[in-house]
Structure formats: structure tokens, C-alpha cells
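Coordinate analysis (summary)
This is what each chain is made of:
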Amino acid sequence: MPDQTPIYDESKVPPYTLPELLIAGNGTRIENREAWQHIRRPELLRLFESHVYGKVPEKSVTMRFIVRSSAADALNGLARRKEIRMSFDDQPGGPTMDILLYIPNKADTPVPTFLGLNFFGNHSVHKDPDITLSTAWMRNKDEASVVDHKATEASRGVAASRWAIEQILERGYALATIYYGDLDPDFDDGYQNGIHPLFYKPGQSQPEPDEWGAIGAWAWGLSRAMDYFETDDMIDHHRVAVMGHSRLGKTALWAGAQDERIALAISNESGCGGAALARHRFGETVRDINTGFPHWFCNHFRQYNDREGDLPVDQHMLIALMAPRPVYVASAEEDRWSDPPGELLAAQHASPAYHLFGQKGLLVEGSGHIGYHIRPGEHDVTDYDWTQYLDFADHHLRS
Ligand code: GTR
């Protein structure tokens, strides 16, 4: 096994060659948007499914939703608050997913919307006392006032600094959020809880080696929220931006790659398995992530521990799967584990897919269809990050 000390010095990153974005598996050069849409895009999706995130089993589930609450006077009259519960199974006690929605009162609906999964329950994104407190299993964390894997009253608003809700609403966007653990609680239990078991064939007790892990399940939940938006006439489902931080940034990119209804995908410091090139061995590596989080990816991904160069894809291709839709990658200077230089490189190398559509990819100055910023500070989501996302969304979703 090679030395496992993380590399934080660009000059020590071993040389690598990226797989060609615009050459198909059979050697055909991809020269236009039709060839991208019909040949390369489906091929890359299959490769990410089989080797990285796993595929969603082919099975339809019985999806239902109920509106659990709706109040026009939330946040001092700024917004309507809605809570929607989706279920995927007719059996009582099956998995459910709760969407919290804030819709700006001053805007004419339907409104463009930011959608993001959260780490500690919908009640964590704002101190609003009327958000239903999640009763789902959570990772224990003192700062989030999670005790014995359950949220407490003191958990309300613990993640509020990461969700610029008033800013989002004042700028005319709705915000929708879902606790990621509703889809799959984030620990390695061999996929016995969450939504995976709904998809098992008779006799199957865990996903096949090329079937989805937790990131696949979380991304699936984002697409189910898209299904709901198609039924809610206050939401403009053609203008939904999916935003995620860290593991949920990996998820946002994977959801956006698969689901072309998503108009914009935003990766906030998603790092390894997200926006950062796997072959650029800086910070977290494939071995690190498969060891620390064996349940996030499909089992096949483990073949690439210390063998990133053998992956048939790299993460510039994941970003490119958003084309021609806009995509945003953000890094933080002190968050070296997420490999900021590898994130920027992936964004740059995704650009040729955009050029096929006559668009600019990543631009050093001005705005192309790939946005990027790096800010001072640590691994986190800040108001500054949100201001950039709102400006980018204004440019691409409102013009
Ligand atoms: C880290 C992990 C990263 C990132 C992060 C997070 O421990 O190594 O890949 O996903 O967790 O999601 O907070």
C-alpha cells in the first residue's frame, strides 16, 4: 500500500493522464451536441453508474405525498412555509421523506427554487419554531444537540449559518430542503435501512456490486423532490438549482448528471468523489474515502483504491454531464482535504462539453456556464458562497 499521508503540495502530486472527455469508448471523436447527447452522455452515465456511484435498480415504487402543513405567515410574513411528506411504499412504517419549503410571499409564483439536502434535519436550517422536529436517526454531534441519535429542541437552527434563507427569499427564490438521512441514514449497515431494501429482488439482501450506495440513494431523493415540484404550481420546476455541501455536493452533482430536469447544480466543497479529479492525488484519495465511508459508493468503486489511473472516468466528466445546463463549483482555501486545485482543474477540463453547445465553459473572467470561486476560510457554507450562487442563478435562470 502506498504512503497514506495526504499530499498537500502540488509539486508532489504524481503525474496522471485524464481520460478523454470527447472520445467515445469505440474511438469516435465527439464533435457536436447530437453526438454528445446520444453517444457520449449516455455512455459516461453508464460508466459512473457501474464504477462509481452504482445504478438505481429498475423497479417502480408507489410514490405518494401529503401536505402536512402550509402557513402563509412564516418568517414574519416573508414566506409561505410548507411541509410535504413523500412515501414510496404502501407498507405502514416504510421510509418517508419530508420536504420543507419556504416560498417568498412577495414574488409572483411560480418561483425558481434552490433545493438542497441537509445534514441534521429540516429543523436545523432555521430557528423557525414551527418547523416539525425530525424524529429520524441522526449522527451524534454535540454542536447539533443530537443526543442518542435523535434531534432535540435545542437542535433548531443549528445549521442556520449554512442556509442564507432570508437572502434567498428576498431575492425571489424558494428554498426546499430535505434531511438526507430520510433516504438513507449515513452509516454503514449493509443497506438494511433507508430506501435500498424497497428495491431488493426476492432473496436479495444488499445491492449488487454495481448498484447504488448512499450517494445514489440521496441523489434519488432529489429527483423525487423534482417529481413533487412538477405538481406544485408555486414552484417553477423548470428553474430548480440543486445545491449541496461536501458529501451532499457530491450528491448534487450526481443528481444533476442523471436528472436533466435539474436546471443548475452547485457543488460546495464536494472534493473526492465530487468535483475534484480522482487522479489528482491531493488531499482525500479514493482509498481514503472508500475506507472511511464504505457505504457511499458502489462496491465496484473499491477496485480503484490506489488505482485511480484505471478508472474509466474522472470527475471532469461528472461536471460535464451537466452540459448544456449551468454548473457551479466552489472551493475554500483552508479546505485542502477537498482538493481545491483538483476541483478547479475538473471544472476547466469539463469545458469542452459546453463548447459543443456554443457556450463558454469555465472563464477566468466574466461568466461562462461553469461558475467557480475559491474563498478564504474552512470547509463550510457561508453567506458569501450563497451570494455567488444567487448571482449565478440570476444570470442563468432569470435572464
Ligand atoms: C469528510 C469526507 C469528505 C466529505 C466530508 C463531509 O470526512 O472525507 O469526502 O464528504 O466528510 O461530507 O462533510
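Shown above is the structure to which this text applies.
In this report, we go over the structure that sits alongside the text. Predicted model only: the values in this text are computed from it and were never measured.

Definitions and cut-offs
- Residues numbered from 1 in each chain as written.
- Predicted model: local features only at pLDDT ≥ 70, side-chain atom pairs only at ≥ 80, totals over all residues.
- Heavy atoms only, no water.
- Helix = DSSP H or I, 4+ residues; strand = E, 2+ residues; numbered from the N terminus.
- Expected span 1.5 Å × (residues − 1).
- Bend = angle between axes of the 7 residues up to and from the residue.
- Buried < 20%, exposed > 50% of the residue type's maximum accessible area, 1.4 Å probe, protein only.
- Polar contact = N/O pair within 3.5 Å; in protein donor to acceptor, adjacent residues only side chain to side chain.
- Phe/Tyr/Trp six-rings, centres within 6.5 Å; stacked < 30°, edge-to-face > 60°.
- Lys NZ or Arg CZ within 6 Å of the ring centre and 35° of its normal.
- Pairing = 2+ DSSP bridges.
- Axes fitted to C-alpha atoms, helices over the stretch in contact; angles between N-to-C directions.
- Contact = heavy atoms within 4.5 Å.

**Focus: helix 1 (residues 33-53)**
Residues that lie three or four places apart on an α-helix share one face, since the helix turns once every 3.6 residues. In a regular helix each residue adds 1.5 Å, so 21 residues correspond to 30 Å; helix 1 covers only 25 Å between its end C-alpha atoms and thus falls short of that length. Approximately 35° is the largest bend angle found in helix 1, and it occurs at Arg40, with the proline Pro42 only one to four residues beyond. Along helix 1, the positions that sit buried rather than exposed are Ala35, Trp36, Arg40, Arg41, Leu44, Leu45, Phe48, Glu49, His51, Val52 and Tyr53. Of the residues that open helix 1, the one with a side-chain oxygen 3.3 Å from the backbone nitrogen of Glu34 is Asn32. One or two residues past the end of helix 1 sits Gly54, with phi positive at roughly 85°.

**Overview of the packing of aromatic side chains**
Describing an aromatic ring pair means giving the distance of the ring centres and the angle of the ring planes. The full count for this structure, using the stated rule, is 24 aromatic pairs. With centroids separated by 6.4 Å and ring planes inclined at 50°, the aromatic side chains of Phe48 and Trp254 adopt a geometry described as tilted. Separated by 206 residues along the polypeptide, Phe48 in helix 1 and Trp254 in helix 5 (residues 247-258) bring together distant segments of the chain. Trp254 shares its class with Phe48; the two are buried. Ring geometry for Phe199 versus Trp212: centroids 4.9 Å apart, planes at 85°, classification edge-to-face. With Phe199 in the loop between strand 5 (174-179) and helix 4 (214-229) and Trp212 in the loop between strand 5 and helix 4, this pair connects stretches of sequence that are 13 residues apart. Owing to a relative accessible area of 4%, Phe199 belongs among the buried residues under this scheme. Counting every residue linked through ring pairs, the aromatic cluster contains Phe114, Trp163, Tyr173, Tyr328, Trp386, Tyr389 and Phe392. The ring of Tyr8 carries Arg336 above its face, with NZ or CZ at 4.1 Å from the centroid.

**Section: the sheet that holds strand 4 (residues 111-118)**
Backbone hydrogen bonds are what pair the strands of a sheet, in a parallel or an antiparallel way. If you trace the 9 strands from one edge of the open sheet to the other, you get 1-2-3-5-4-6-7-8-9, paired in mixed fashion. Each edge of the open sheet is held by one strand with a lone partner, namely strand 1 (64-73) and strand 9 (370-375). Taking the axes of each pair of neighbouring strands and ignoring which way they run, one obtains an average angle of 15° across the sheet. Contacts from helix 4 reach strand 1, strand 2 (79-87), strand 3 (96-104), strand 4, strand 5 and strand 6 (235-245), with the element oriented near 55° to strand 3. Packing of helix 9 (residues 383-397) onto the sheet brings it into contact with strand 4, strand 6, strand 7 (264-268), strand 8 (327-332) and strand 9, and relative to strand 9 it is tilted by some 165°.

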